[in-house]
Each structure stands twice: as C-alpha cells, then as structure tokens.
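Structure assessment
So you can see what is in the structure, the chains are spelled out below.
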Amino acid sequence: MDIRTGFFYLFSAILLFAAFRVITARNPVYAALYLVLAFFQASAIWLLLRAEFLAISLVLVYVGAVMVLFLFVVMMLDINVDSLRVGFWKHFPLAAAVGALIALEMAAVLLGGFRLGEETRGVPAAAAGAVPLSNTKELGKLLYTQYLYPLEIAAVILLVAIVAAIALTLRERKDSKHIDPADAVRVRAGDRLSIVKLAPTMAEPAPAPAPVEPKA
C-alpha cells in the first residue's frame, strides 16, 4: 500500500465518522461542525483524485458560505431539539428504505465507473487515445460556455438563500425597544409637548388669620 492509498483510507475513515456524528449529535451546532469536517475530508479525497476545482469549490462554497450561514441561523434561532426528535422511530423504516435505495443506486453507478477504469488500466495513454488535459481548465470552459445559464440560476438561488437566512434572524424581539427612524423624522413639536388646562381638584385653602399682637 502506497502513501496515496493510506491517505485515502485515512480521509475516508474520518469522513464516515463525521457523517455518522452529523446524524447522531444532539446539539445542532455540533452537527453542523461535524458536517464541515466531512466537507473538508471529501475535498481532500477529491484532491487525491486530481479534481482540484471540485475540492476548492467544495471548501469555498459549502464550508465558506453555506455552512457559515447555516451556523448563523442555528445559533440565532431558538430551535427546540426535543420537538424535532418527536416521531423519529415512527418514520425510521421509511427513511432507512430511502437511504438503502440511494446507496444501491450510488453503488451501481460507482461499480460501472470502476469497471470502465479496469478496462483501460495498464493501457498507455497514447494507445488509449487520451490526451493529458487540465480538468480545471476544461470545467471552466464547460461552466462558462455550455452551462452558463444554469450557473447563473444557481447563483441567484444561492443569493435568495442568503437573503432569506438574514431575514430569518432579523425578527422582532419582545425584550428590545427601538424607535422607527421614519417616525422620528415626521414628528412635530405639537406631538412632543401638549399643554392641557385642568380644573383644580381641591378647593383653595383659606388664608391663615393674622397673628394678634398682645396688648401692653
């Protein structure tokens, strides 16, 4: 086993552990941090596969933007974890069946790719008709030529998600007091001070009698 295979097994083991902790952690903040760790390990595996563009995109987009927003929303919103866990075992069989179906589909796709790799293994690059190219350069050409409009649509969707995440955190709190700037600008002097004439509530007391001087 060479060093590249050793790194692959190391990153894969950490990735599986982090993914398992994402669904088993009781604190949603810890679950999000474990998901960040899983993304880093997946990007490291892509680097081993010489997919540098996908690795950097995963770190920049998911770790640098999406997960930061997710952590921001989770820490700002008052999420009741106990209410989210209600009915977990009730829906567990359906979730397990869907997960098994997805795993079988991924296995079928990956096994087909492995067979294709085994067929071309050991064949020289010139004999196989392969030309050494930069995958980052080819992905850039495809993204900004053939898939330009889907890329722009994805960027708009991500922008809407960012605005929605910020709007969720800007909710009004009951324990905070603030003044609307528009109301402060439109205020008039008569709205701030008003003179009211009130009738006396008690009768005016009688004047005290003058002191009597003693006679000599």
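Residues numbered from 1 in each chain as written. Predicted model: local features only at pLDDT ≥ 70, side-chain atom pairs only at ≥ 80, totals over all residues. Heavy atoms only, no water.

Comments concerning the overall build of the protein chain
What counts is decided by this rule: Helical segments are the DSSP runs of H or I of at least four residues, strand segments are the runs of E of at least two, and each set is numbered from the N terminus. In what follows, a contact means two residues having at least one pair of non-hydrogen atoms within 4.5 Å. Working definition of accessibility: Shrake-Rupley area with a 1.4 Å probe, residue cover restricted to the visible protein chains.
Regarding its fold elements, the protein chain presents 10 helices and 0 strands. When the helices and strands of the protein chain are listed from N to C terminus, the series reads α-α-α-α-α-α-α-α-α-α. When contacts within the protein chain are restricted to residue pairs at least 6 apart in sequence, those whose partners lie at least 24 apart make up 65%. Accessible surface computed for the protein chain: about 18,500 Å², of which carbon and sulfur atoms make up 70%.

So, unusual backbone geometry
As a reminder, the rule being used: Think of it in three bands: residues with accessible area under 20% of the maximum for their type are buried, residues over 50% are exposed, and the middle band is partly exposed, with areas taken using a 1.4 Å probe on protein chains only.
Phi angles above zero are rare outside glycine, and R50 is one such case at about 65°. Note that R50 resides in the loop between α2 (28–48) and α3 (52–76). Residue class for R50 comes out exposed when judged on its relative accessible area of 60%.

Observations regarding the UniProt feature "transmembrane region" (unreviewed entry) in the protein chain
Which entries qualify depends on this criterion: UniProt positions are given in the numbering used here, feature names are shortened, and annotations may be inferred rather than shown by experiment.
What UniProt calls "transmembrane region" (unreviewed entry) maps, in this numbering, to residues 6–23, 30–49, 55–79, 91–114 and 147–170. Spanning residues 6–23, this segment combines 100% helix with 0% strand, and its end C-alpha atoms are found 27 Å apart.

Things to note about the layout of surface pockets
What counts is decided by this rule: With a 1 Å grid laid over protein atoms only, a set of points is called a cavity when a 1.4 Å probe fits there but cannot get out and a pocket when it is open yet has protein on both sides within 12 Å along at least five of seven lines; lining residues have an atom within 4 Å of a point. Grid points are joined across faces, edges and corners, and a volume is the space filled by probe spheres set on the points. Gly counts as polar in this scheme, as do all residues outside two lists: the nonpolar Ala, Val, Leu, Ile, Met, Phe, Trp, Tyr, Cys and Pro, and the charged Asp, Glu, Lys and Arg.
The computed volume of the second largest pocket comes to approximately 400 Å³. Lining the second largest pocket are 13 residues, with F53, S57, V61, Y62 and L151 sitting closest to its centre. Those elements giving two or more residues to the lining of the second largest pocket turn out to be α3, α7 (135–146) and α8 (148–169). In terms of residue count, the dominant contributor to the lining of the second largest pocket is α3 (7 residues). Here the lining of the second largest pocket is composed, by residue class, of 12 nonpolar, 1 polar and no charged.

A closer look at the packing of α2 against α3
Let me state the cut-off plainly: Fitted lines through C-alpha atoms serve as axes, helices being fitted only where they are in contact, and the angles separating the N-to-C directions of these axes extend from 0 to 180 degrees. Angles are sorted into four bins: roughly parallel if under 35 degrees, roughly antiparallel if over 145, roughly perpendicular if 65 to 115, and oblique for all others.
Put simply, α2 and α3 touch, their axes get as near as 9 Å, and they point 175° apart. Comparing the axis directions of α2 and α3 gives the class roughly antiparallel. Contact residues: P28, V29, A32, L33, L35, V36, F39, F40, A42, S43, W46 and L47 in α2; E52, L54, A55, L58, V59, Y62, V63, M67, F70, L71, V74 and M75 in α3. Considering only residue class, the contact of α2 with α3 consists of 22 nonpolar, 1 polar and 1 charged.

A word on the environment of W46
Its location among the elements puts W46 in helix α2. Between the C-alpha atoms of W46 and F8, which are 38 residues apart in sequence, the distance is 9.7 Å. When near neighbours in sequence (up to four residues on either side) are disregarded, W46 contacts A51, L54, A55 and L58.

Overview of α2
What counts here: Between the first and last residue of a helix there are one fewer steps than residues, each counted as 1.5 Å, and that sum is the expected span. Definition of a polar contact: a pair of N or O atoms within 3.5 Å, with one able to donate and the other able to accept a hydrogen when the atoms are protein atoms, and with sequence-neighbouring residues admitted only if both atoms are side-chain atoms.
Under the 1.5 Å per step criterion, the end-to-end length of α2 is 31 Å for 21 residues, consistent within 8% with the ideal 30 Å. Along α2, the positions that sit buried rather than exposed are A31, A32, V36, A38, F39, Q41, A42, S43, A44, I45 and L48. Where α2 is buried, its residues touch α1 (3–24) and α3. Where α2 begins, the side chain of N27 points an oxygen toward the backbone nitrogen of V29, at a separation of 3.1 Å. With its phi angle positive at about 65°, R50 sits one or two positions after the end of α2.

Re the confidence of the model for the protein chain
As a note on interpretation, predicted positions should not be read in detail where pLDDT is low. Selection rule: pLDDT: the predictor's confidence for each residue, scored from 0 to 100.
Put simply, the protein chain has an average pLDDT of 78, and 79% of its residues get 70 or more. When the elements of the protein chain are averaged for pLDDT, helix α6 (residues 125–128) gives the smallest value, 49, and α1 the largest, 89.

A short note on the nonpolar core
What counts is decided by this rule: Residues grouped as a nonpolar core are buried Ala, Val, Leu, Ile, Met, Phe, Trp, Tyr and Cys residues, joined through side-chain atoms within 4.5 Å.
A32, V36, F39, A42, L58, V63, M67 and L71 together form the largest nonpolar core, which totals 8 residues. Sorting the residues of this core by element identifies α2 and α3 as the ones contributing at least two each. Ignoring sequence-local partners within four residues, the contact set of L58 consists of F39, A42, S43, W46 and V63.

Topic: a nonpolar patch on the surface
Heads up, the rule is: Put simply, a patch holds well-exposed residues, over 30% relative accessible area, that have no salt bridge, with like charges counted together within 9 Å and Val, Leu, Ile, Met, Phe, Trp or Tyr side chains within 5 Å. We define a salt bridge as a contact between a side-chain nitrogen of Lys or Arg and a carboxyl oxygen of Asp or Glu at a distance within 4 Å.
On the surface, I56, L60, V61, Y62, V66 and L158 cluster together into a nonpolar patch covering about 490 Å² of accessible area. Looking at which element gives the most residues to the nonpolar patch, the answer is α3, with 5 residues. Turning to its location among the elements, I56 is positioned in helix α3. The class for I56 is partly exposed, based on a relative accessible area of 48%.

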